[in-house]
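# Coordinate analysis (summary)
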Amino acid sequence: MTQETEILQQKFAQLLGWEKTKRRERIFTALCCYSLIGALVVLPFHAQLLAAVGRVWVLPAIFLVLAPWLIFEKRWRAQDSARALAELDKALGLDERAITAWEILGRRQASAAETLVIRQATERISALEPRTLFQRQWSWRDYLVLPLFALWLVLLWLEVGVSVDRHIGNPTAQALARQLREYSRELQEKAQREKLSDSLQAGRELEKAAQRGINEKTSDEKFKNDLAGLAKKLEVLGKPSAEQLSLSLTESQQNLKDLRAELEAARDLLSFPDAAKGARDLEQQWLDHLAMLPQLKRQLDQENQLGQGFRQNELRSFLDKLDKQATSELDRRTLLEAQQFLDQLMKQGQGDKGESNARVVGQGEQDAPGDTEKEKSRGDLPGKESGKKEGYGSMPEFQGGAETHVKGMLDEGQSSGLVFKGKPLAGKSEVSQDEVIASYRRQAEAELNTERVPEALKETIKNYFMSLGMGEGKR
Amino acid sequence: MEAVTEVEERMQSARRAFDALKAEMARVIVGHEELIEQVFIALVCGGHCLLEGVPGLGKTLIVRSLGEILSLTFSRVQFTPDLMPADITGTNVLTDDPSGKRVFDFQRGPLFAHIVLADEINRATPKTQSALLEAMQEQSVTVGGRLHRLENPFMVLATQNPIEMEGTYPLPEAQIDRFFFKLLLQYPSREELARIADLTTAGQPATLREVLDASGILRMRQCVREVPLAELVKDYAVRLVLSTHPQSESANGAASLAKKFVLYGSSPRGLQSMILAAKARALLSGRPNVSFADLRAMLLPSLRHRLILNLEADAEGVGSEKILTELLEAVPEVP
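Note that the structure is a prediction, hence the values are computed from the model and not measured.

### Topic: the overall build of chain B
For chain B, the helix and strand inventory stands at 14 helices and 11 strands. A separation threshold of at least 6 residues defines the contact pool for chain B, and within that pool the share at least 24 residues apart is 77%. As displayed, chain B offers around 15,500 Å² of accessible surface, 51% of which is attributable to carbon and sulfur atoms.

### With respect to the overall build of chain A
Secondary structure summary: chain A contains 20 helices and zero strands in total. Taking all contacts inside chain A whose residues are at least 6 apart in sequence as the whole, residues at least 24 apart take part in 71%. Summed over its atoms, the accessible surface of chain A is roughly 26,600 Å², and 54% of this surface lies on carbon and sulfur atoms.

### Some words on the interface of chain A and chain B
Each partner contributes to the interface: chain A provides 19 residues, whereas chain B provides 22 residues. Of the roughly 1,800 Å² buried between chain A and chain B, counting both surfaces, carbon and sulfur atoms make up 65%. A:Lys90 serves as the salt-bridge partner of B:Glu333, at 3.4 Å between the closest nitrogen and oxygen. Where chain A packs against chain B, one counts eight residue pairs in polar contact (both at pLDDT 80 or more). No other element matches the eight residues that helix H6 (residues 112–125) of chain A contributes to the side of chain A that touches chain B. Across the side of chain A that touches chain B, the residue classes break down as seven nonpolar, four polar and eight charged.

### Thoughts on the nonpolar core
Within the largest apolar cluster, 101 residues are counted, with the highest numbers of intra-cluster contacts made by A:Leu88 and B:Phe40. Among residues more than four places away in sequence, those in contact with B:Phe40 are B:Phe18, B:Leu21, B:Leu70, B:Leu212, B:Met220 and B:Leu284. Membership of the second largest hydrophobic core comes to 27 residues, among which are B:Val77, B:Ile88, B:Leu111 and B:Phe179.

### A closer look at the confidence of the model for chain A
All names here are of chain A. Per-residue pLDDT for chain A has a mean of 72; in total, 66% of the residues score no lower than 70. Within the model, the stretch residues 164–170 combines pLDDT values under 50 with 19 contacts to residues more than four positions away or in other chains. In this model, residues 352–409 is a region of pLDDT below 50 whose contacts with residues beyond four sequence positions or in other chains number 126 contacts.

### Quick notes on the environment of B:Gly216
Along the chain, the position of B:Gly216 falls in helix H8 (residues 214–226). Along the sequence, B:Gly216 and B:Val44 sit 172 residues apart, while their C-alpha atoms lie 9.5 Å from each other.

### Focus on a nonpolar patch on the surface
Residues and elements named next belong to chain A. Where nonpolar side chains cluster on the molecular surface, the patch consists of Ile37, Val41, Trp140 and Leu144 and spans about 360 Å² of accessible area. At the level of secondary structure, the elements contributing two or more residues to the nonpolar patch comprise helix H1 (3–42) and helix H8 (140–157). Mapping Ile37 onto the fold places it in helix H1. Residue Ile37 is classed as partly exposed on the basis of its relative accessible area of 33%.

### Here we look at the packing of helix H12 (residues 292–303) of chain B against helix H14 (residues 320–330) of chain B
Residue and element names in this part refer to chain B. H14 packs onto H12 with a crossing angle of 155 degrees between their chain directions and a minimal axis gap of 10 Å. The pairing of H12 with H14 is recorded here as roughly antiparallel in orientation. The chirality of how H12 crosses H14 is right-handed. Facing Arg296, Leu299, Leu300 and Leu303 of H12, the residues of H14 in contact are Glu321, Leu324 and Leu328. Broken down by class, the residue content of the contact of H12 with H14 amounts to five nonpolar, no polar and two charged.

### A short note on helix H5 (residues 126–138) of chain B
All names here are of chain B. Spanning 13 residues, H5 covers 18 Å between terminal C-alpha atoms, matching the ideal 18 Å at 1.5 Å per step. All of the buried residues in H5 are Thr128, Gln129, Ala131, Leu132, Leu133, Ala135 and Met136. Elements in contact with the buried residues of H5: helix H4 (85–89), strand E5 (115–119), strand E6 (140–143), strand E8 (155–160) and helix H6 (173–176). Among the residues trailing H5, Gln139 stands out with phi positive, at a value near 60 degrees.

### Some thoughts on the pattern of salt bridges
Residue and element names in this part refer to chain B. Here the structure, examined in full by the defined rule, presents 32 salt bridges over all chains. Among the salt bridges present, the one from Glu9 reaches Arg16, with a minimum N-O distance of 3.1 Å. Put simply, Glu24 and Arg209 hold a salt bridge, and the shortest N to O gap is 3.6 Å. Taken together, the residues Glu24 in helix H1 (residues 2–25) and Arg209 in the loop between helix H7 (190–201) and H8 connect sequence positions 185 residues apart. Take Glu24: its relative accessible area is 4%, and that puts it in the buried class. Arg209 gets classed as partly exposed once you look at its relative accessible area, which sits at 48%.

### Structural notes on unusual backbone geometry
Residue and element names in this part refer to chain B. The residue after Asn152, namely Pro153, is reached through a cis peptide bond having omega 0 degrees. Mapped onto the fold, Pro153 is located in the loop between strand E7 (146–149) and E8. Positioned with a positive phi, Glu120 is a non-glycine residue whose angle comes to about 50 degrees. By secondary structure assignment, the location of Glu120 is in the loop between E5 and H5.

### Remarks on the packing of aromatic side chains
All names here are of chain A. Counted by the stated rule, this structure contains seven aromatic pairs over all chains. The interplanar angle of 70 degrees and the centroid separation of 6.0 Å between the aromatic rings of Phe28 and Phe63 together place this pair among those described as edge-to-face. Highlighted residues: Phe28 in helix H1 and Phe63 in helix H3 (residues 58–73), separated in sequence by 35 residues. Geometrically, the ring pair formed by Phe149 and Trp152 is stacked, given 6.1 Å between the ring centres and 25 degrees between the ring planes. Within this pair, Phe149 and its partner Trp152 are both found in helix H8, separated by three residues, close to a single helical turn. Relative accessible area serves as the criterion here: at 35%, Phe149 is assigned to the partly exposed category. Classification of Trp152 by relative accessible area gives buried; the value is 3%. The ring of Phe72 is capped by Arg75, whose NZ or CZ atom sits 4.2 Å from the centre of that ring.

### Describing the state of the cysteines
Two cysteines, two sulfur atoms, one covalent bond between them: this is a disulfide. Residues and elements named next belong to chain B. Applying the stated criterion to the full structure yields zero disulfides over all chains. The cysteine Cys49 is free of any disulfide, with Cys45 supplying the nearest cysteine sulfur at 9.7 Å. Cys49 gets classed as buried once you look at its relative accessible area, which sits at 0%.

Reading the values: rules and limits
- Residues numbered from 1 in each chain as written.
- Chains lettered and ligands numbered in written order.
- Predicted model: local features only at pLDDT ≥ 70, side-chain atom pairs only at ≥ 80, totals over all residues.
- Heavy atoms only, no water.
- Helix = DSSP H or I, 4+ residues; strand = E, 2+ residues; numbered from the N terminus.
- Contact = heavy atoms within 4.5 Å.
- Areas by Shrake-Rupley, 256 points an atom, 1.4 Å probe, with all protein chains shown as cover.
- Buried area = accessible area lost by both parts, 1.4 Å probe.
- Salt bridge = Lys/Arg side-chain N within 4 Å of Asp/Glu carboxyl O.
- Polar contact = N/O pair within 3.5 Å; in protein donor to acceptor, adjacent residues only side chain to side chain.
- Nonpolar A, V, L, I, M, F, W, Y, C, P; charged D, E, K, R; others polar.
- Core = buried A, V, L, I, M, F, W, Y, C linked by side-chain atoms within 4.5 Å.
- Buried < 20%, exposed > 50% of the residue type's maximum accessible area, 1.4 Å probe, protein only.
- pLDDT = per-residue confidence, 0-100.
- Patch = residues over 30% accessible without salt bridge, like charges linked within 9 Å, V, L, I, M, F, W, Y side chains within 5 Å.
- Axes fitted to C-alpha atoms, helices over the stretch in contact; angles between N-to-C directions.
- Parallel < 35°, antiparallel > 145°, perpendicular 65-115°, else oblique.
- Left-handed = near helix turned anticlockwise from the far one by under 90°.
- Expected span 1.5 Å × (residues − 1).
- Phe/Tyr/Trp six-rings, centres within 6.5 Å; stacked < 30°, edge-to-face > 60°.
- Lys NZ or Arg CZ within 6 Å of the ring centre and 35° of its normal.
- Disulfide = S-S within 2.5 Å.

So this is what it looks like as structure tokens:
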């Protein structure tokens, strides 16, 4: 082997080695780039695809899947060596001396003309510095890798997949915990508003459990166990006591609410200063008003007393007892709703896609048998869908200081409900006037307890609604 | 090592001879540098050329001047419809020998020269054309049962006029394939025309100097075959030829025009002449190996007469030049 041959072989080895290094780098950056693109594409489906695997591992997993294929596909071939040498010929203007010399070097013997080719190639290539001549060239993949990586990290940090997965299929413990927290806050608000102590307590416990699930990032299994425990607890709390039993069986939720409002009004009536005029006047006044308080009247009917013969103290005591019963029944029902919510949440966690959230909206406690008015419970159960009919179907809700809205327009999505068809009597409203007044009065009472109504005007408003009922009674 | 120096010296001398030939030709021929190079390449490769161009472009002058510079014998035959094979090959004539006995003596025809100019070859009958083409292939003629060797080197430069086709006998494709190159003579430019006027209408015609002899050309022929050709470069030539075949499955890089307009692609002779001519070009450039550029330069003269185009090409006026040019762009040097 001549010195020229040695030099030439060394230079060719340097060149091919450098080209192979560049190829490996290109494969790596391409792998990174494609893996990142893949990871970004599957980001919204993390919860669905990889319930048991951490989100961070999606990128390495894609990388490992792509790596064998890409390495095999882009492996260095003999043709690549020829291509690299052809590039060298072009770059140095060697008129294919390098590629010819490379082939000649692979043979055992060389003719005089071939030796001349090697000599001429050596003269030109001896000063070759492959790294300088063929510098790295950055492709779009190289430029994309870092921004894509940063984007992926940001989206991971923002938990994009988690927020999206709430709407798709089987959510993770984190998503369930968020739903639970949201519900628990609504439950607490409702309990405070309606003065339901047990529900308030349950709401706080639920929020704690949800917060724990979010902060500690508990596993799906553990979180479901927690939910099951809470559901059991609520079930125990939601069992009716002996004193609740009579109300729970006969009264719908709406009736109970109406009853509470009427009790409030009746208590106010007893507190009026002119109520002290005399027992006879009080009785007369009481009977007048009782006609405007249908739920209370019904309860008194059941007592077969109609308030006659009640003294003021006895009446007050009876009203207190009734109020307590109604409150505790509402409390119990709210707890049952919460328990149903938890059951539904656990079903979601098990990937039970067939159970639409919309279906839960209509799964509040069923109306008591014999009720003529079919109402749904409030739609604050999990999976509340936009546009679903919620709350009171018959009456628009009164909101002091704000526009009156008719909520619950039907929209797309699965829902359930009961449809009653029937011809109403001509010229008659489906809702009795008593109920309308009672409903508005109830809402007015609720608003009067808030700070939005100025203290000075509260009495005037109360009198107005009372006069409404009285006027109606006289007519 | 001495052999390498010898080869290097041979290559250098070939280059010097070619440079001298070009310089000498430039004294009488204006322009046509590329054509002169291609004719010389065909000569050192042992091939024959078909020159196509309108009358008066200097075809005869080029051939005659080449003969003079190379110190080779030159003859010219004007082909006509009544020209017989014996008129070009020669014939046995009854003569008296010195003892007074009557014997047949072979009178050599114009083919017995180093360079033969077959002017307007398409005007002769196929019979005479065949006799010429047989001589070109075999480099010998047989008259009266006796084989007569032609000169070595022997080269035929046939011309044909592309515009006057009436009363002509177009060469069959098989016979055209025997020409190493088909060369086209272009009309001179304005400057070249002015120089032609100066050279031919003022003063005495220049006397040409011999720069190479027959033995020098034969030595060059030997050198040409020794020029190394890399597999990758050869593969490029093969792919170029294959891509002229529209029906070939291996012609992956076949140009769209070739697929549409070519009926039959180039024969293996096309590949042979392209590679040999590329080697000669490398040698005349003083380079010991063939480059992609050599192949590209030799593609048109080697293959333009070897493509058989279909009627569609004829109707649309698409020539083999256009197809081959597109093919050069379509086929990559390194796959």
